[in-house]
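# Observations on the model geometry
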Amino acid sequence: MRVDVVVFAKTPRPGRSKTRLHPPCTFVEAADLAAAALFDTLRAVEATSIDGRRVLALEGPPPAGLSPRWDVVPQRGHGLDERLASVFEDVDGPALLIGMDTPQLTPALLEAATMRLVDADAVLGDAVDGGYWAIGLRRPNASAFLGVPMSVPTTAIRTRERLRTLGLHVADLPRLRDVDTIDDAWAVALEAPTSRFAATLRAIAPRLAPRPGVGSDVAGVA
C-alpha cells in the first residue's frame, strides 16, 4: 500500500519559532534550532524507501534549498485541529503525518510507522509532553481532529479516544520527546548526536548555562 509522508511545519522565524527556548536561547538561536530540527526531519523522510509522496504542509514560505522531491501544500484552517484535518483532505489517501519537533527520527522508524497502516486504520505516536509526534490515517477523516483539544497534556489521550469512538483500529507507535524546552533540546541532542540539531545546540552551548550532567555531555559530543 502506498503511504504518503507529510511533515507538518512552520517556517522557522526569530520570535515566532520555539519561543519556549527563550530564555536561555535568544530568539535567533531558537529559530536556528527549529530550522535544524526541520532539516533533520526532512532528511530522515528523504532517506526512507517509502512508496509514496513526500509532502511538506507548511505555514510560511518554503525553506531555502528545499529538495524538488517535496510537494509543498499550504496549511488551511484556523485552529490546529482544522489545519490537521485539512492536510489529510488535501493529501487524500493513506498518509502518515509527523511534526518538525523530533529531529531524532530515523528512516527505519518512519518506514515501520507507515507499515503499521497496512493492518491498522490509524497509527498514533505519543509525545512525552502529552501530545503526539505522529498520526496516520488510511483514509481522511476530519472527525478525527475537529473539536479535539490541541496542545494540552491530554491531546494524545483524547485523540486516541476519538479515533476509537469512530470505530478505527489504532496501532501505537513508539513514544518520543518533542523539543519544546531547553531540557528537551539537551535530551534530544543526546539521542541524535550526529544530527544538525545537535550540532546547532553544541555551537551555542558555551553561552548557555548547562543543565548539570547533561549540557556538558552535549557540548562534548563529537
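A few points on the structure. (Residues numbered from 1 in each chain as written. Predicted model: local features only at pLDDT ≥ 70, side-chain atom pairs only at ≥ 80, totals over all residues. Heavy atoms only, no water.)

Right, let's talk about the environment of Val-7 for a bit. With respect to the secondary-structure elements, Val-7 resides in strand β1 (residues 4–10). Once the C-alpha coordinates of Val-7 and Glu-59 are considered, the two residues, 52 residues apart in sequence, prove to be 11 Å apart. Contacts of Val-7, omitting those with residues within four sequence positions, involve Leu-38, Thr-41, Leu-42, Val-45, Val-55, Leu-56, Ala-57, Trp-70, Ile-98 and Gly-99. (Helix = DSSP H or I, 4+ residues; strand = E, 2+ residues; numbered from the N terminus. Contact = heavy atoms within 4.5 Å.)

So, on to the nonpolar core. Of all hydrophobic cores here, the largest spans 28 residues; its most connected members are Val-7, Leu-96, Ile-98 and Trp-133. At the level of secondary structure, the elements contributing two or more residues to this core comprise β1, α1 (27–46), β2 (54–59), β4 (95–98), α3 (107–116), β6 (132–137) and β7 (170–176). No other element matches α1, which puts five residues into this core. Formed by 23 residues, the second largest nonpolar core is a distinct cluster that contains Ala-57, Val-91, Leu-137 and Ala-144. (Core = buried A, V, L, I, M, F, W, Y, C linked by side-chain atoms within 4.5 Å. Buried < 20%, exposed > 50% of the residue type's maximum accessible area, 1.4 Å probe, protein only.)

The next subject is the sheet that holds β2. The strand order β3-β2-β1-β4-β6-β5-β7 describes an open sheet built from seven strands, whose pairing is mixed. With one partner strand each, in any of the chains shown, β3 (70–74) and β7 form the two edges of the open sheet. The sheet shows a mean angle of 20 degrees between the axes of neighbouring strands, taken without regard to direction. Looking at chain direction, β1 and β2 are connected through six bridges and run parallel. Counted as the bridge partner of Val-5 is Arg-54 from β2. (Pairing = 2+ DSSP bridges. Axes fitted to C-alpha atoms, helices over the stretch in contact; angles between N-to-C directions.)

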